[in-house]
Amino acid sequence: MAEGYDPRRSKVSDDTFASFQRDALSGELTDVPGIGPAAAKKLGQIGDGETEFDRVTNTYQLIGKVSFYPTPKVVFFIFLICLFC
C-alpha cells in the first residue's frame, strides 16, 4: 500500500458531490466524497500534541472543524492532504 496522499486516487465526480450536497448528513465520515476508510481512521486518531477534542469521528465534527477556515473548499482540501503527509 502506498504511503501518503495521491491525488490520482482521490477523484470525486460531479454527480457524487451533488448527491452529497443534496442528501441529509448521516454522520458517517465515509459518506463524505473523497473520505474512505483509511482517511476516516486517520481523522479519528489522536496525533502528537493533540487531545480527544482534536479527533474527528463523524461528519458533524468535520463540518465544525472546517467552519473555522476562511476558504473552506481550498483549506479543506489542504487539510485532507496534510493528514497523509
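The rules we used
Residues numbered from 1 in each chain as written. Predicted model: local features only at pLDDT ≥ 70, side-chain atom pairs only at ≥ 80, totals over all residues. Heavy atoms only, no water. Patch = residues over 30% accessible without salt bridge, like charges linked within 9 Å, V, L, I, M, F, W, Y side chains within 5 Å. Areas by Shrake-Rupley, 256 points an atom, 1.4 Å probe, with all protein chains shown as cover. Salt bridge = Lys/Arg side-chain N within 4 Å of Asp/Glu carboxyl O. Helix = DSSP H or I, 4+ residues; strand = E, 2+ residues; numbered from the N terminus. Buried < 20%, exposed > 50% of the residue type's maximum accessible area, 1.4 Å probe, protein only. pLDDT = per-residue confidence, 0-100. Contact = heavy atoms within 4.5 Å.

**Description of a nonpolar patch on the surface**
Phase 1 of the analysis: On the surface, a cluster of nonpolar side chains totalling about 280 Å² of accessible area is made up of Leu25, Tyr60 and Ile63.
Phase 2 of the analysis: Positionally, isoleucine 63 belongs in helix H3 (residues 59-66).
Phase 3 of the analysis: By relative accessible area, isoleucine 63 is classed as partly exposed at 44%.

**Focus on the pattern of salt bridges**
Close approach of charged atoms lets side chains of opposite charge pair.
Phase 1 of the analysis: Enumeration according to the criterion identifies two salt bridges in this entry.
Phase 2 of the analysis: Taking the shortest distance from any N to any O, the salt bridge between arginine 55 and glutamate 52 comes out at 2.6 Å.
Phase 3 of the analysis: Judged by relative accessible area, arginine 55 falls into the partly exposed class, the value being 26%.

**As for the confidence of the model for the chain**
Phase 1 of the analysis: Scored by pLDDT, the chain has a mean of 79; 75% of the residues are at 70 or more.
Phase 2 of the analysis: Mean pLDDT in the chain bottoms out at helix H4 (residues 72-83), which sits at 67, and peaks at helix H2 (residues 37-43), which reaches 90.

**A word on the side chain of threonine 59**
Phase 1 of the analysis: Considering the arrangement of structural elements, one finds threonine 59 in helix H3.
Phase 2 of the analysis: Judged by relative accessible area, which is 2%, threonine 59 ranks as buried.
Phase 3 of the analysis: Apart from residues lying up to four places away in sequence, threonine 59 is in contact with Leu25, Gly27, Glu28, Leu29 and Val32.

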